[in-house]
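Take a look at the letters that make up each chain.
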Amino acid sequence: MSLRLTMRLVEQVGAISAGTSTRVVVDGPDDVETVRRWTEATGNTVLMVHPDSVEVLRGRAADPIESLPEDRRPGFRLWVYTNFHCNLNCDYCCVESSPSTDPRVIGVDAFGRLVGEAVDAGVEELFLTGGEPFMLLDLDERLRVATAALPTTVLTNAMVWNGERRRRLESLPREGLTLQISLDSATAELHDRHRGTGSFDRALAGIRTAIDLGFRVRVAATLGADAGDAETSLVRLFDRLELDEDQRVVRRVARQGSANAGLTVSRASLLPEVCVTAEGVWWHPVAAIDPTMKVCDDWFPLAGAIEKVRDEYRSHRIAGDVLASTFPCA
Ligand code: SF4
């Protein structure tokens, strides 16, 4: 441990009061490690690592992850983009999917390894998304691997279940598998405005097919600024479909991908949901092509990627709490 840096830490952190922070200048990863070890040994906290300094809080901060509900903690759930191509071309698709999008498929073998590492890392459930996952003719192979390991949900527009895909759908296990189907309104006009003519009727037919085949179904609506009171009529439709509360999802459009309006999201504002694509690990599935939301290039080891997300979330939250308590403007 560098004596000079340690002396500076003692001096700087000793000069501030408990619950406030100071920036300690560092020169490279070894210095950062020294600061980490010193704070750990002395009951202080690293708030944030910057390129040339480390923000150190005097005192031990409570772990913000501990205060989250268990199923909202980063790493409880793993999202996987199995592919990016889609039969539709919705105008607010958060990852710019369409029939001509580069598929960026995660192959069956890599997917199997990912699921194994997810189990080892303590992940409790899997969400598969895309693109349209059922565009992959061999999606059923991934779903069998996934459901054998963890409760699994697959997001779908429910429109490509014909021919061989229908046969493979019917062969899927019902236990541990949920089909989350997109439906944005209770009538065709709004849904078709964003997802294409005829897509409402096809999605509704898909929902009925999935229910008739004995699958657990969740229906998810994405509402833009033009949705008006669509949520009210959606609730009536959900009731008619006899969906429980945990089988209904209604969320706002995020300004990501093809969407040129909607909620602005960032690493600081979004509770992370660890997400893997063929291109790396991301902060949240709603922003899986946004370079500012990329966590790292490599999935493996997955536990390390999840820990990286947790560390950054802790830093954001603790730093935010400190700023909130020490930066009064009036
Ligand atoms: S929003 Fe869903 S259904 Fe629409 S293009 Fe994107 S992935 Fe496909």
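What you see is a predicted model, and the numbers here were worked out from it, not measured in a lab.

**Q** What's the story with the overall build of the chain in this structure? I'm lost.
**A** Of the regular secondary structure elements, the chain holds 9 helices and 12 strands. Projected onto its principal axes, the C-alpha coordinates of the chain cover approximately 70 × 50 × 35 Å. Looking at the chain as a whole, 49% of its 330 residues are labelled buried. Expressed as a percentage of contacts within the chain between residues at least 6 apart in sequence, the contacts between residues at least 24 apart total 67%. When the accessible area of the chain is evaluated, it comes to approximately 15,700 Å², of which 51% is carbon and sulfur surface. The averaged location of the 49 negative side-chain charges in the chain is 1 Å from the averaged location of its 37 positive side-chain charges.

**Q** Help me out: how do you make sense of the site of the ligand in this one?
**A** Every residue close to the ligand is listed here: Cys86, Leu88, Cys90, Cys93, Ser97, Gly131, Asn157 and Arg195. Per-class residue counts for the shell around the ligand are 4 nonpolar, 3 polar and 1 charged.

**Q** Explanation requested: the side chain of Ser97 in the structure shown.
**A** Of note, Ser97 is situated in the loop between strand S4 (77-81) and helix H3 (108-120). Classification of Ser97 by relative accessible area gives buried; the value is 3%. Reaching out from Ser97, the side chain makes a polar contact with the backbone oxygen of Phe84 at a distance of 2.6 Å. Here the side chain of Ser97 touches Gly131 through a polar contact of 3.2 Å, landing on its backbone nitrogen. Residues contacting Ser97, with those up to four places away along its chain left out, are Phe84, Cys86, Leu88, Asn89, Gly130 and Gly131.

**Q** Honestly, helix H7 (residues 199-212) in this entry has me stumped. Any pointers?
**A** An α-helical turn contains 3.6 residues, so a residue and the one three or four places further along point in the same direction. Here H7 spans 20 Å end to end across 14 residues, near enough to the 20 Å set by a 1.5 Å rise per residue. Within the sequence span of H7, burial applies to Ser199, Phe200, Ala203, Leu204, Gly206, Ile207 and Ala210. One side of H7 carries all its buried residues, which in axial view fall inside an arc of 155 degrees. Those residues of H7 that are exposed and angled more than 90 degrees off the buried face are Asp201 and Asp212. Contact partners of the buried residues in H7: strand S7 (177-182), helix H6 (188-195), strand S8 (216-223) and helix H8 (230-240). Just downstream of H7 lies Gly214, where phi reads positive at about 90 degrees.

**Q** Which parts of the structure should I look at to understand the pattern of salt bridges?
**A** When the charged atoms of two side chains with opposite charge come close together, those side chains can pair. With the rule as written, the count across this model stands at 26 salt bridges. The closest approach of N and O atoms between Arg77 and Glu125, which form a salt bridge, is 3.0 Å. On the criterion of sequence distance, the pair formed by Arg77 in strand S4 and Glu125 in strand S5 (residues 125-129) is long-range, its members being 48 residues apart. Each member of the pair, Arg77 together with Glu125, is buried. Residues Arg252 and Glu231 are paired through a salt bridge, measuring 3.9 Å at the closest nitrogen-oxygen approach. Taken together, the positions of Arg252 in strand S9 (residues 248-252) and Glu231 in helix H8 put the pair 21 residues apart, joining distant regions of the chain. Residue classification places Glu231 among the partly exposed positions, given a relative accessible area of 35%. Salt bridges sharing partners connect three or more residues here, namely Asp63, Glu307, Arg310, Asp311 and Arg314.

Calculation rules
Residues numbered from 1 in each chain as written. Predicted model: local features only at pLDDT ≥ 70, side-chain atom pairs only at ≥ 80, totals over all residues. Heavy atoms only, no water. Helix = DSSP H or I, 4+ residues; strand = E, 2+ residues; numbered from the N terminus. Buried < 20%, exposed > 50% of the residue type's maximum accessible area, 1.4 Å probe, protein only. Contact = heavy atoms within 4.5 Å. Areas by Shrake-Rupley, 256 points an atom, 1.4 Å probe, with all protein chains shown as cover. Lys, Arg positive; Asp, Glu negative; His and termini not counted. Charge placed at Lys NZ, Arg CZ, Asp CG, Glu CD. Near = heavy atom within 4 Å. Nonpolar A, V, L, I, M, F, W, Y, C, P; charged D, E, K, R; others polar. Polar contact = N/O pair within 3.5 Å; in protein donor to acceptor, adjacent residues only side chain to side chain. Expected span 1.5 Å × (residues − 1). Arc of directions from axis to C-beta. Salt bridge = Lys/Arg side-chain N within 4 Å of Asp/Glu carboxyl O.

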